[in-house]
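A look at the structure
Below are the chains, spelled out letter by letter.
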Amino acid sequence: TQGGDFKFATYLGSGESDASENPVATLMSKILGGIESPTTRSYTLDSSGVHTATRLYAAGINSDAVVGQGVLCNGEARSVAATGSNYIDLNMAVSAAPADDDTAVLATTVYLDEDATQEYLDFLAIGHATADQRQMLACQATGLELQGLGVGELPKVMYTMSVNHWQQVPSGVRDQLEPTSASQGNKPPVNAGLAGIFFGDAASTTRVAAKGAMGGITNLVSYTPIPDRTGYNGIGGWQKMPIGDGIQAELSLLYDEDMPGLHDDFDAGTAKQLIFQLGSTAQKCCAIELQRCYLAAAPVSAEVNGLAGVKISLTADEGTTTTNDLTMSALRFHWF
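Quick look at the structure, then.

With that settled, the discussion passes to a negative patch on the surface. A cluster of acidic residues, Glu-114, Asp-115, Asp-317 and Glu-318, forms a negative patch on the protein surface. Among the residues examined, Asp-115 registers a relative accessible area of 67% and is labelled exposed.

This part covers a nonpolar patch on the surface. A cluster of nonpolar residues, Tyr-11, Leu-154 and Val-190, forms a patch on the protein surface that exposes about 260 Å² of accessible area. Among the structural elements, Val-190 can be located in the loop between helix H3 (174–177) and strand E14 (195–201).

Take the sheet that holds strand E8 (residues 103–106) next. An order of E3-E8-E5-E6-E7-E4 is seen for the 6 strands of this open sheet, with the pairing classed as antiparallel. Looking at the sheet topology across the chains shown, the edges are occupied by strand E3 (42–44) and strand E4 (55–57). Going from strand to strand, the sheet's axes swing by 35 degrees on average, the running direction of each strand aside. Strand direction decides the pairing type here: strand E5 (residues 70–73) and E8, joined by 3 bridges, are antiparallel.

We now examine the environment of Thr-315. Summarising the element assignment, Thr-315 is placed in strand E23 (residues 307–316). It is 36 Å that separates the C-alpha atoms of Thr-315 and Asn-233, two residues lying 82 residues apart in sequence. Residues contacting Thr-315, with those up to four places away along its chain left out, are Asp-245, Ile-247, Gln-248, Arg-292, Cys-293, Tyr-294 and Ala-296. Side chain to side chain, Thr-315 and Gln-248 meet in a polar contact 3.1 Å long.

Here we come to the side chain of Arg-41. Structurally, the position occupied by Arg-41 is in the loop between strand E2 (33–36) and E3. Buried charged residue Arg-41 carries no salt bridge. Nearest counter-charge: Asp-18, at 5.4 Å. Of note is the side chain of Arg-41, whose polar atom sits 3.1 Å from the side chain of Thr-108. Residues contacting Arg-41, with those up to four places away along its chain left out, are Glu-16, Ser-17, Asp-18, Ala-19, Ser-20, Ala-104, Val-105, Leu-106, Ala-107, Thr-108 and Trp-335.

Criteria and cut-off values
Residues numbered from 1 in each chain as written. Predicted model: local features only at pLDDT ≥ 70, side-chain atom pairs only at ≥ 80, totals over all residues. Heavy atoms only, no water. Patch = residues over 30% accessible without salt bridge, like charges linked within 9 Å, V, L, I, M, F, W, Y side chains within 5 Å. Areas by Shrake-Rupley, 256 points an atom, 1.4 Å probe, with all protein chains shown as cover. Salt bridge = Lys/Arg side-chain N within 4 Å of Asp/Glu carboxyl O. Lys, Arg positive; Asp, Glu negative; His and termini not counted. Charge placed at Lys NZ, Arg CZ, Asp CG, Glu CD. Buried < 20%, exposed > 50% of the residue type's maximum accessible area, 1.4 Å probe, protein only. Helix = DSSP H or I, 4+ residues; strand = E, 2+ residues; numbered from the N terminus. Pairing = 2+ DSSP bridges. Axes fitted to C-alpha atoms, helices over the stretch in contact; angles between N-to-C directions. Contact = heavy atoms within 4.5 Å. Polar contact = N/O pair within 3.5 Å; in protein donor to acceptor, adjacent residues only side chain to side chain.

Below, the structure is given as C-alpha cells:
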C-alpha cells in the first residue's frame, strides 16, 4: 500500500486588510472544521452609546459580529460575549474604556466543528531534479502543533499530514503540475507591542494580564483512517476522533502573579479563560483562546528567565453557551 506521513510548517500569519480569509486560516479551517469571517473588517466606534471596558458601540456592528468571534480594540484581543443594538460585549475587559473614533477590528475566527463536512487536501512537491516530483492525495492532518511562541520567535504551525495515496509524477508532465501563482500567506503576527497573556476566571470579565511565558498548546486534532477495501490503499476516509486527554496548554507565570490563588483554583476546580495574543495591531496580530479551561495539576515551581515562577498545565473545555459550534468551541484562533 502507498501511505505514510509528511510534515510542513507555515507561519501562524495575520489577518487581511479586508474581510477576506487569510490563507493559514483557510487551511486550518479544513482541519479544525469551522471558520467565521466578518463582512466588514473594521468598525469606527461612535456615539450610539457610552463605551465601557467591556462594551463597544458602533453602528451596525451587531449585525456583523457573532458570539465567539474575535475583536481587537486598543491593542487588545478579546472575543464577543454578546451583541445588542449597535454594540458588542467583550468576554474580558480591555485596559480602559475606548472613545468615539477608536477602531474595533473583527477577526477571522477558526474553531472546532465536529459536524463539518470533511475536506481532504492534495499536495504537490517539486524538487530540484527533473524527476523529483511527487503528488500526495486525499491527505488529512493527523497532527497540528504550534511552535515559536516565545518572545523573539516567529510563531509557526507545524502540520503532520497522513497520506491516502501518493504517486511519483512522470517528468514529461511537470509543466502541467508546476504552480503558476506566487506563494500565499501573511507575515507572522509580531510587532514591538508583543501583546500578552490574559488569564483570568471564566466567570468574570475582569482584565487579568499575566507576566510569564507561554509553553506549548497540544492535542489539537485527532483523526484515524476508516478501513475500506473499496477505497485507495484500503482507506475510505478519515474519521475525526475524540481527543483522549483534551486540548492541553502549558504556561509559566511569575510566582507573585497569582499565588496561592492558582493553587486554590486547582483545589476548587475553578474554570479559567486564556487569551494568548501575538502582536497588537491589525494585519500583525493573532490570538489563541481557550474560553474555558481547568488546571490539570497543581502548580509546580519553575524558573522563568531566572525569576521564581510556577508552571501550570491546562485542559480546555467547551463553553457553556451552546448556541452553535463557534460559541462552544474549546479552542479558537482569531486573526486580525
